[in-house]
Amino acid sequence: QVQLVESGGDLVQPGGSLRLSCAASGIAFSIYTIYWYRQAPGKQRELVATITTGGNTNYADSVKGRFTVSRDNAKNTVYLQMNKLKPEDTAVYYCNARVNSMADYWGQGTQVTVSS
C-alpha cells in the first residue's frame with residue numbers, strides 16, 4: 001500500500017522556520033518527482049516547490065530564496081525547509097509523488113500557521 005505522510009507543521013511566529021517532511025512507503029521512491037503544494041482557506045492549491053529524480057529543484061516566486069526542498073532517497077523522504085516565514089505562508093502543505101497519471105500519490109497534509 002502506498003503511503004505519503006507529511007509531518008512538521010506547527011504554529012510559528014513570523015520570521016521563524018519550520019522543516020516539513022514527507023515520508024513515502026510502498027513506492028520506488030527514487031523514480032518519483034516530488035511536489036510540495038499548499039492550500040490556504042478559500043484559495044486554490046498552489047505549487048510551492050518541486051524536486052526531480054535527479055535533484056533539480058524549482059520554486060514558486062513567492063517562496064524563492066526562503067524555502068529549500070531536498071530529498072534523501074535512502075530514507076524515502078523529502079524535506080521542505082521553510083525560513084523567514086510570513087503570515088501568507090499559512091496553509092495546509094501537501095506532498096505529491098508523481099511519475100505519470102497512473103502513478104500519482106498524495107499525502108494527507110500538514111498544517112502550517114504563521115502568526116504572532
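Please read all numbers here as calculations on a predicted model, not as lab measurements. (Residues numbered from 1 in each chain as written. Predicted model: local features only at pLDDT ≥ 70, side-chain atom pairs only at ≥ 80, totals over all residues. Heavy atoms only, no water.)

A. Quick look at the overall build of the chain. Helix and strand counts for the chain stand at zero helices and 11 strands. When its helices and strands are written in sequence order, the chain yields β-β-β-β-β-β-β-β-β-β-β. Whereas a compact globule of 116 residues would reach a radius of gyration of roughly 13 Å, the chain reaches 13 Å, a difference of no more than 12%. By its C-alpha atoms, the chain is 40 × 25 × 20 Å across when sized along the principal axes. Split into buried and exposed, the 116 residues of the chain put 42% on the buried side. Nonlocal contacts in the chain, meaning residues at least 24 apart in sequence, comprise 53% of its contacts between residues at least 6 apart. Summed over its atoms, the accessible surface of the chain is roughly 6,100 Å², and 46% of this surface lies on carbon and sulfur atoms. Charge-centre separation for the chain: the mean point of 11 positive side chains lies 3 Å from the mean point of 8 negative side chains. (Helix = DSSP H or I, 4+ residues; strand = E, 2+ residues; numbered from the N terminus. Rg over C-alpha atoms; globule rule 2.2 N^0.38 Å. Buried < 20%, exposed > 50% of the residue type's maximum accessible area, 1.4 Å probe, protein only. Contact = heavy atoms within 4.5 Å. Areas by Shrake-Rupley, 256 points an atom, 1.4 Å probe, with all protein chains shown as cover. Lys, Arg positive; Asp, Glu negative; His and termini not counted. Charge placed at Lys NZ, Arg CZ, Asp CG, Glu CD.)

B. Broad picture of the sheet that holds strand β1 (residues 3–7). An order of β1-β3-β8-β7 is seen for the four strands of this open sheet, with the pairing classed as antiparallel. Edge positions in the open sheet fall to β1 and β7 (67–72), since each of these has one partner strand only. Mean inter-strand twist for the sheet, computed between neighbouring axes without regard to direction, equals 15°. Alignment of strand β3 (residues 18–25) against strand β8 (residues 77–82), held across six bridges, turns out to be antiparallel. For serine 21, the partnering residue across the bridge sits in β8 and is tyrosine 79. (Pairing = 2+ DSSP bridges. Axes fitted to C-alpha atoms, helices over the stretch in contact; angles between N-to-C directions.)

C. Summary view of the packing of aromatic side chains. Applying the stated criterion to the full structure yields three aromatic pairs. Ring geometry for tyrosine 32 versus tyrosine 105: centroids 6.1 Å apart, planes at 50°, classification tilted. In this pair, tyrosine 32 is assigned in the loop between β3 and β4 (33–39) and tyrosine 105 in strand β10 (residues 103–106), connecting sequence segments 73 residues apart. Judged by its relative accessible area of 26%, tyrosine 105 is partly exposed. Arranged with centres 6.4 Å apart and planes meeting at 40°, the rings of tyrosine 35 and tyrosine 37 form a pair that is tilted. (Phe/Tyr/Trp six-rings, centres within 6.5 Å; stacked < 30°, edge-to-face > 60°.)

D. Representation of the nonpolar core in the model. The biggest cluster of nonpolar side chains holds 31 residues, and the ones touching the most others in it are Trp36, Phe67, Val69, Leu80, Met82 and Tyr93. The set of elements that each furnish at least two residues to this core consists of β3, β4, β5 (46–51), β7, β8, β9 (91–100) and β11 (110–114). (Core = buried A, V, L, I, M, F, W, Y, C linked by side-chain atoms within 4.5 Å.)

E. View of the pairing of β7. Only one face of β7 is buried: it carries Phe67, Val69 and Arg71, and the other face, with Thr68, Ser70 and Asp72, is open. Taken together, the six bridges between β7 and β8 define a ladder with antiparallel strand orientation. Following the sheet pairing, arginine 71 is matched in β8 by valine 78. The antiparallel hairpin formed by β7 and β8 contains four residues in its connecting segment, where asparagine 76 sits at a positive phi of about 55°.

F. Structural detail: the environment of arginine 71. In this fold, arginine 71 is placed in strand β7. On the basis of relative accessibility, which here comes to 16%, the residue arginine 71 falls in the buried class. In sequence terms arginine 71 and valine 92 are 21 residues apart; their C-alpha atoms lie 20 Å from each other. Aside from chain neighbours lying at most four places away, what touches arginine 71 is Phe29, Ser30, Tyr32, Thr33, Ile34, Ile51, Thr52, Thr53, Thr77 and Val78. Within the local environment of arginine 71, its side chain forms a polar contact with the backbone oxygen of phenylalanine 29, the two atoms lying 3.0 Å apart. At 2.9 Å, the side chain of arginine 71 and the side chain of asparagine 73 are in polar contact. (Polar contact = N/O pair within 3.5 Å; in protein donor to acceptor, adjacent residues only side chain to side chain.)

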